[in-house]
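One letter stands for each residue in the lines below.
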Amino acid sequence: MDSPIGGEEYLFKIVLIGDSAVGKSNLLSRFARNEFDTNSKATIGVEFQTQVVEIEGKEVKAQIWDTAGQERFRAVTSAYYRGALGALVVYDITRKGTFDGIKRWLQELDTQNDSSIVRMLVGNKCDLENIREVSIEEGKTLAEAEGMFFIETSALDATNVQTAFEIVIREIY
Ligand code: GTP
Ligand code: MG
């Protein structure tokens with residue numbers, strides 16, 4: 001893991017939130033290392049990775065924070081959100097319950113952060129079309145109602161993973 005302190009001109013903190021097993025850690029490993037783990041374990045506490053992205057000829061360092069979806073494994077909430085400029089709020093398109101859980105994550109985000117944070121609703125596991133429980137329309141509608149960006153991704157086959165992070169980073173920039 002990298003140090004959270006860097007001398008770069010631009011350092012953006014972005015947090016990943018969403019229920020357990022929606023694929024937050026795999027979205028991060030796909031983005032930062034182009035890796036996917038079929039047997040990944042539930043995250044305990046907090047992890048982060050930094051990734052340099054070039055925007056308009058400038059190097060922007062994105063520091064992506066990942067925590068546990070499960071309450072009992074989570075670290076101190078206020079520290080997790082502190083200073084965050086962007087958030088990817090993730091659900092699993094094959095589990096409706098994780099989509100219903102989004103409201104709770106948005107509430108937590110609102111209480112922990114000012115409203116200027118860039119928020120992206122992410123429907124992950126779009127490779128599993130055959131067992132989909134949440135339609136693209138439902139995702140879009142919720143995102144519109146909440147004034148968020150929306151994208152469907154697959155950490156498994158890498159669909160839209162880069163794009164999801166880059167949209168948030170560009171919007172912060
Ligand atoms: P917590 O750390 O408990 O909050 O879970 P998480 O949101 O970090 O989920 P994680 O990345 O550990 O993924 C959970 C499971 O879903 C793992 O078995 C992954 O291999 C699988 N998974 C993650 N992303 C995808 C995806 O895009 N497609 C498919 N098919 N499986 C995925
Ligand atoms: Mg995890």
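Owing to the predicted nature of the structure, the values given are computational and were not obtained by experimental measurement.

Caption draft 1: Local environment of the coordination of the magnesium ion (ligand 2). Coordination sphere of the magnesium ion (ligand 2), protein contribution only: Ser25 (OG) and Thr43 (OG1), at 2.0 to 2.1 Å. One end of the pair, Ser25, is in helix 1 (residues 24-33); the other, Thr43, is in the loop between helix 1 and strand 2 (46-55), with 18 residues separating them in the sequence. According to the relative accessible area criterion, Ser25 is partly exposed, its value standing at 24%.

Caption draft 2: The arrangement of the packing of helix 1 against helix 6 (residues 161-172) in detail. Packing of helix 1 against helix 6 leaves a shortest axis separation of 9 Å and a crossing angle of 85 degrees. Classed by the angle they form, the pair helix 1 and helix 6 counts as roughly perpendicular. Contacts between helix 1 and helix 6 pair Leu27, Leu28, Arg30 and Phe31 from the former with Val161, Gln162, Phe165 and Ile169 from the latter. Grouping the amino acids of the contact of helix 1 with helix 6 by side-chain chemistry returns six nonpolar, one polar and one charged.

Caption draft 3: Inspection of the packing of aromatic side chains at higher detail. Enumeration over the complete set of coordinates arrives at seven aromatic pairs. For the ring pair Trp65 and Tyr80, a centre distance of 6.1 Å and an interplane angle of 70 degrees mean the geometry is edge-to-face. One end of the pair, Trp65, is in strand 3 (residues 58-67); the other, Tyr80, is in helix 2 (residues 77-81), with 15 residues separating them in the sequence. Accessibility classification places Trp65 together with Tyr80 in one group, the buried group. Measuring from ring centre to ring centre gives 5.6 Å for Tyr80 and Tyr81, while their planes differ by 85 degrees; the resulting arrangement is edge-to-face. Cluster of aromatic residues (ring-pair linked, three or more members): Phe48, Trp65, Tyr80 and Tyr81. The ring centre of Trp65 lies 3.7 Å from the NZ or CZ of Lys13, which sits over that ring. The ring of Trp105 has Arg104 sitting right over it, with the charged end atom 4.9 Å from the ring centre.

Thresholds applied
Residues numbered from 1 in each chain as written. Chains lettered and ligands numbered in written order. Predicted model: local features only at pLDDT ≥ 70, side-chain atom pairs only at ≥ 80, totals over all residues. Heavy atoms only, no water. Donors = N, O, S within 2.8 Å, 3.2 Å for Na, K, Ca; no water. Helix = DSSP H or I, 4+ residues; strand = E, 2+ residues; numbered from the N terminus. Buried < 20%, exposed > 50% of the residue type's maximum accessible area, 1.4 Å probe, protein only. Axes fitted to C-alpha atoms, helices over the stretch in contact; angles between N-to-C directions. Parallel < 35°, antiparallel > 145°, perpendicular 65-115°, else oblique. Contact = heavy atoms within 4.5 Å. Nonpolar A, V, L, I, M, F, W, Y, C, P; charged D, E, K, R; others polar. Phe/Tyr/Trp six-rings, centres within 6.5 Å; stacked < 30°, edge-to-face > 60°. Lys NZ or Arg CZ within 6 Å of the ring centre and 35° of its normal.

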